[in-house]
Amino acid sequence: MMYQCGSCGGVYQDLMADGSLYFHACPPLEVDPRGRVVERPDKRNENLVMGEPGEAPRMKAEGRGRVELEPGWQPPAPAAEPRGLLARAWERIRASVTTG
Ligand SMILES: [Zn+2]
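My aim in this report is to walk through the structure given alongside it, one point at a time. Counting restarts for each chain, with residues numbered from 1 along the sequence as it is written. pLDDT decides what is reported in this predicted model: residues at 70 or higher carry local features, side-chain atom pairs at 80 or more are listed and counted, and totals for whole chains, interfaces and linings draw on all residues regardless. Only hydrogens and water are set aside when side-chain values are computed; all heavy atoms of the structure are taken into account.

### Regarding the coordination of the zinc ion
Donor atoms from the polypeptide that bind the zinc ion are Cys5 (SG), Cys8 (SG), His24 (NE2) and Cys26 (SG), placed at 2.1 to 2.3 Å. Ordering the donors of the zinc ion by residue number gives the pattern C-x2-C-x15-H-x1-C. Burial classes: relative accessible area under 20% of the type maximum marks a residue as buried, over 50% as exposed, and values in between as partly exposed (1.4 Å probe, protein chains only). A relative accessible area of 3% places Cys5 in the buried class. Exposure remark for Cys8: the relative accessible area of 26% places this residue in the partly exposed category. The rule for donors is simple: an N, O or S atom within 2.8 Å of the metal counts, and for Na, K and Ca the reach is 3.2 Å. Water is not among the atoms, so a site may look short of donors.

### Details of the pattern of salt bridges
Every case where a carboxyl oxygen of Asp or Glu lies within 4 Å of a side-chain nitrogen of Lys or Arg is listed as a salt bridge. Tallied over the entire structure, the rule returns 6 salt bridges. Between Lys43 and Glu39 there is a salt bridge, with the nearest N and O atoms lying 3.2 Å from each other. In this structure, Arg44 and Glu46 form a salt bridge, with 2.9 Å as the shortest nitrogen-oxygen distance. Overall, the relative accessible area of 2% leaves Arg44 in the buried class. Given a relative accessible area of 4%, Glu46 falls into the buried group. Several salt bridges converge on common partners, so that one network encompasses Arg44, Glu46, Glu62 and Arg66.

### Observations regarding a nonpolar patch on the surface
Residues enter a patch when their relative accessible area is above 30% and they make no salt bridge; the linking distance is 9 Å between like charges and 5 Å between nonpolar side chains (Val, Leu, Ile, Met, Phe, Trp, Tyr). Shrake-Rupley sampling with a 1.4 Å probe provides the accessible areas, and residues are treated as covered by the protein chains on show and by no other component. A grouping of Leu15, Leu21, Phe23 and Leu48 is seen on the molecular surface, where their side chains present a nonpolar patch of about 390 Å² in accessible area. Tracing the backbone shows Phe23 in the loop between β2 (11–13) and β3 (30–31). Using a relative accessible area of 34% as the deciding quantity, one classes Phe23 as partly exposed. A run of H or I in DSSP becomes a helix once it reaches four residues, and a run of E becomes a strand once it reaches two; helices and strands are each numbered from the N terminus.

Functional significance is not addressed by these values, which are geometric in nature.
Here is the structure:
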């Protein structure tokens, strides 16, 4: 199955090609200037931790959950890069130079 993380928006499969299971954990937001890893406050972490004796292992952090994607889901094509003001300005300058 393919899923989209409700916290970070990452798309992932829970079953990898070699048959092993994938447990999503949101990547950190950044590493601050002191080298400390800054995690998102709503981080999802599907890795399992042991519960109390006799209880089943549980997910580390639910975060904002996940959404199951349709079978065959494809990522949207990247949007065309909007032409920047600078690129248009250069175009006008070049045109004025070549036309005299
Ligand atoms: Zn995530």
